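Examination of the molecular architecture
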Amino acid sequence: MIVVDANTILQGLREAVIEMEEDRARELAEASVAEGMDAYHTIMNGLAPGMAVVSEKYDNEEYFVPEILICADAMYAALEVLRPHLNPATMPQQGKVVIGVIAGDIHDIGKNIVRMMLEGAGLEVHDLGRDVPVKQFADEAERVGADIIAMSTLMSTTMEGMRQVVQELERRGTRGRFKVIIGGGPISAAFAEKIGADAYGRDAAEAVRVVQSLLAGEPRSQEAHDVAS
Amino acid sequence: MSPANMTPKERFLAFLQGQPTDRLLCVPLILNHANRAAGLKVSETLNDGPALGKAHADCYRKFGQDMITLFTDTSLIAEAMGTKLKYFDDDPPRVEEPVVHTPDDVDQVRLPDPHSDGRLPVFLEAIKSANAEVGGEVFVSCCYAMPFTIAAALMGTDQFVKALRKAPELAHRLLRMAMEAALLFNDAIIEAGGVPVPVDPVASCSVIGPKQYAEFAAPYTQPILAKIAAAGLPPVLHICGHSHLIWDQMADEGAKVLSLDRVDLQQAKEAVGSRVCLMGNVPPAEVLLYGTPELVAERTLEGIRLTADSPGGYIVASGCEVPLGTPDENIGAMLQTVREYGSPS
């Protein structure tokens, strides 16, 4: 492949994600490494803007789940190449999200799309998978020092588990350390409010916006409050 | 003049024939929750047709809804074709291991015999058992997945929807088999004395776009709806989640009743109300499971008022499955509201 310059690589990565071209995304990521480009810069200026367009197309009912999954394959192919080259010393502090499908539910496509868009936006995401027990959300959020706990379910019968996670955090005295965001088919803003979650995301695109505004709004100030009280 | 005190069966027959009814039909989609009326857990009737039929008959005796709706899960037919499911104590089973991983695996997929494969015979027995109990006054229906949803369960949903773009030929091969299987089960339901009710949750606009629906869902559902219509039964099509981009296609492919979930009924009425009967869409979770009887009544009434001038008519229903553990008084409030306010004025 003939590579002209760094901007061509970034532009190409952006397009490869949008156009669902997995092989091209991988090759361009390899080229960026070979050119000595900073991996974090490549993610934030190549992959992230690509994912932002994917998210927009999903919002506008131009892309649906099949397209998003294939765009994700392209993004992950590039990420896989870039991640070993990330240099934590030169990276700004990223928001950390613990995400999972609540216990009793194994529908994880929606959660995977949210995860992908969060990663595409440059956040550090810890994916607990599906059918995740209540305690595990609390444990993992503590362990990784998460800013956000994100939970989803497609089933009305498992919604109660989300309330139990909030209660578990309260019981441990760690509720103030995390923002809790929920979403999924049967979930509503009213339900989020009812169980004491901080926010609700109607779909993946909104989930990313909400997470970003939660992170921007009160970055870790609650933690200090907790320690003090 | 409207006839008074019709049985649900008389009401449904009148509806089918375009005759006046004493009030609107009301069909909350009581599926797995029907077990509660018999004091049973989901696992206690999954493999027991007579018990499943009796639980639904008990549920009908309790609420008097206008149709019995047998159903446990959308993977039923895929299971009978080779997909492995995971079973739970008090939840419906779900896909654990799809049968198709590579194009060669399609040859492993077998057409099911509705009388012997998987849990299909359970439903045929349940239809007979429910009919023996209360079939004189109410129709017994069996909801089952359409080819698109079956194929998703044969291959795993994410792999299948990716195949629509990356391996469309493979998707079509699977869909053809899924359609053959659905037709076999459809015929067996009718032969057993049941009303087939097609559901296609994975073909929802929450998952695929209208062009994909046109290429991969509609052509395979259409022959099934035609067969139901040919049997003199109402071709209902239930699609969960969002469906606003495909209402026209649903009507075009032969559905006469659109059972809708998370949609704006006003918008649906304006789009297709002149061509089809609308059915829906009291929200299952926030209203039926977590709401009060007052909220249920309010939302039920809202649907009745919004569709009062919809030319194709309206059936009061929940948007999707009535959740396990929904309070009796909430289901009761829905039916009571229709009894009070669902009569022609």
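Computed from a predicted model, the values in this text were never measured in an experiment.

What counts and how
Throughout this description, residue numbers start from 1 for each chain and increase along the sequence as written. For naming, the first written chain is A and the first written ligand is 1, with later ones following in the order written. Note on the predicted model: pLDDT of at least 70 is required for a residue's local features to be given, and 80 or more for side-chain atom pairs to be given and counted; whole-chain, interface and lining totals, by contrast, use all residues. Only heavy atoms go into the side-chain values, all of them from the structure, while hydrogens and water stay out. Only DSSP runs of H or I reaching four residues or more are called helices, and only runs of E reaching two or more are called strands; each is numbered from the N terminus. For every residue, the accessible area obtained with a 1.4 Å probe (protein chains only) is divided by the maximum for its type, and the residue is called buried under 20%, exposed over 50%, and partly exposed between those limits. The criterion used for residue contact is that any of the two residues' heavy atoms lie within 4.5 Å. Picture the helix axis, draw a direction to every C-beta atom, and the arc is the one those directions span. Throughout this description, a polar contact denotes any pair of N or O atoms lying within 3.5 Å of each other; where both atoms belong to protein, one of them has to be capable of donating a hydrogen while the other can accept it, and for residues adjacent in sequence the pair is counted only when both atoms sit in side chains. In summary, the pairing rule links any two rings of Phe, Tyr or Trp, Trp by its six-membered ring, whose centres are within 6.5 Å, and it sorts them by plane angle into stacked for under 30 degrees, edge-to-face for over 60 and tilted for everything else. Buried area is a sum: the accessible area each of two parts loses on coming together, probed at 1.4 Å, counted once for each and added. Salt bridge, as used here, is a side-chain nitrogen of Lys or Arg placed within 4 Å of a carboxyl oxygen of Asp or Glu. When residues are sorted by character, Ala, Val, Leu, Ile, Met, Phe, Trp, Tyr, Cys and Pro go into the nonpolar class, Asp, Glu, Lys and Arg into the charged class, and all the rest, Gly among them, into the polar class. For helices, the fitted line uses only the C-alpha atoms of the stretch in contact; every axis is such a line through C-alpha atoms, and the angle between N-to-C directions lies from 0 to 180 degrees. Comment on the angle field: the value is read as roughly parallel under 35 degrees, roughly antiparallel over 145, roughly perpendicular from 65 to 115, and oblique elsewhere. Crossing handedness follows the turn of the near helix against the far one: under a right angle anticlockwise gives a left-handed crossing, and clockwise gives a right-handed one. For two strands to count as paired, DSSP must find a minimum of two bridges between them. Either an automatic procedure or a domain database provided the assignment from which the domain bounds are taken. The quantity called pLDDT is the predictor's confidence in a given residue, expressed from 0 to 100.

**With respect to unusual backbone geometry**
Residue and element names in this part refer to chain A.
- Although it is not a glycine, M20 adopts a positive phi angle of roughly 65°.
- By the element assignment, M20 lies in the loop between α1 (6-18) and α2 (22-34).
- Residue classification places M20 among the buried positions, given a relative accessible area of 15%.
- Backbone geometry at D131 places phi at a positive 55°, although glycine is not the residue there.

**A word on the environment of A:I149**
Residues and elements named next belong to chain A.
- Within the element layout of this structure, I149 appears in strand β3 (residues 148-152).
- Distance in space between the C-alpha atoms of I149 and V81 is 27 Å, their sequence separation being 68 residues.
- Excluding anything up to four places from it in sequence, I149 contacts V98, F137, A141, L169, F178, K179, V180 and I181.

**What to know about the environment of B:I246**
All names here are of chain B.
- Structurally, I246 is set in the loop between β7 (236-239) and α10 (247-252).
- Under the relative-accessibility criterion, I246 is labelled buried at 0%.
- Between the C-alpha atoms of I246 and C205, which are 41 residues apart in sequence, the distance is 7.6 Å.

**Considerations on helix α11 (residues 265-272) of chain B**
All names here are of chain B.
- Among the residues making up α11, those that are buried are L265, A268, K269 and V272. Buried residues along α11 cover an arc of 105° about the axis, so they all sit on one side.
- Against the buried residues of α11 lie α10, β8 (257-260), β9 (277-282), α13 (293-306) and β10 (314-318).
- Measuring from the side-chain oxygen of the N-cap residue of α11 to the backbone nitrogen of Q266 gives 2.9 Å; that N-cap residue is D264.

**A word on the packing of aromatic side chains**
- A complete count under the given rule lists 5 aromatic pairs over all chains for this structure.
- Their ring planes at 40° and their centres at 5.3 Å tell us that A:F191 and B:Y290 sit as a pair that is tilted. Highlighted residues: A:F191 in helix α8 (residues 189-194) and B:Y290 in the loop between α12 (284-289) and α13, drawn from two different chains. Taken individually, A:F191 and B:Y290 each receive the classification buried, so the pair is uniform in this respect.
- Here B:Y144 and B:F185 contribute two aromatic rings whose centre-to-centre distance is 5.6 Å and whose plane-to-plane angle is 85°, an arrangement assigned as edge-to-face. Residue B:Y144 is located in strand β5 (residues 139-145), and its partner B:F185 is located in helix α8 (residues 168-191); the two are separated by 41 residues in the primary sequence.
- Judged by its relative accessible area of 1%, B:Y144 falls in the buried class.

**Examining the interface of chain B and chain A**
- At the junction of the two partners, chain B supplies 27 residues and chain A supplies 28 residues.
- Interface area, chain B with chain A, both sides summed: about 2200 Å², of which 57% is carbon and sulfur.
- Contact with chain A buries surface across chain B, with B:R94, B:R165 and B:Y290 losing the most and accounting together for 28% of the total.
- Counting across the interface, chain B meets chain A through 3 salt bridges.
- Between A:E67 and B:R165 there is a salt bridge, with its nearest N and O atoms 2.9 Å apart.
- Those elements that provide at least two residues to the side of chain B that touches chain A are β4 (94-97), α7 (157-166), α9 (210-230) and α12 of chain B.
- Considering each element in turn, the side of chain B that touches chain A owes the most residues, 7 residues, to α7(B).
- Among the residues making up the side of chain B that touches chain A, the classes are represented as 13 nonpolar, 5 polar and 9 charged.

**Quick word on the packing of helix α3 (residues 49-63) of chain B against helix α5 (residues 120-134) of chain B**
All names here are of chain B.
- Two elements in contact, α3 and α5, have axes separated by 7 Å at closest approach and are oriented at 40°. One finds that α3 runs oblique with respect to α5. At the point where α3 passes α5, the crossing takes the right-handed sense. For the pair α3 and α5, the contacting residues are G49, P50, L52, G53, K54, A57, Y60 and R61 in the first and V122, F123, E125, A126, S129, A130, E133 and V134 in the second.
- Residues that form the contact of α3 with α5 fall into these classes: 9 nonpolar, 3 polar and 4 charged.

**Observations concerning the sheet that holds strand β5 (residues 199-200) of chain A**
Residues and elements named next belong to chain A.
- Spatial strand order, β2-β1-β3-β4-β5: 5 strands in an open sheet with parallel pairing. The open sheet has two edge strands with one neighbour each: β2 (124-127) and β5.
- Across the sheet, helix α6 (residues 134-144) touches β1 (96-101), β2 and β3, and the angle it forms with β1 is around 160°.

**Details of the domain arrangement of chain A**
All names here are of chain A.
- As far as domains go, chain A holds domain 1 (6-89) and domain 2 (93-215).
- Each of domain 1 and domain 2 has a C-alpha centre, and the two are 25 Å apart.
- Of the residues lining the interface, 15 residues belong to domain 1; the matching set on domain 2 comes to 14 residues.
- On the domain 1 side of the interface with domain 2, the three residues burying the most area are Y58, D59 and Y76, jointly 32% of the side's total.
- Taken together, the links from domain 1 to domain 2 amount to 2 salt bridges.
- Taking the shortest distance from any N to any O, the salt bridge between R83 and E119 comes out at 2.9 Å.
- On inspection of domain 1 and its partner domain 2, the count reaches 4 residue pairs in polar contact (both at pLDDT 80 or more).
- Where the side of domain 1 that touches domain 2 is concerned, the elements lending two or more residues are α3 (39-59) and α4 (65-82).
- No other element matches α3, which puts 8 residues into the side of domain 1 that touches domain 2.
- Per-class residue counts for the side of domain 1 that touches domain 2 are 12 nonpolar, 1 polar and 2 charged.

**Description of the confidence of the model for chain B**
- Considering every residue of chain B, the mean pLDDT works out to 96; 99% of them sit at 70 or more.
- Listed scores for the predicted complex are pTM 0.91 and ipTM 0.93.

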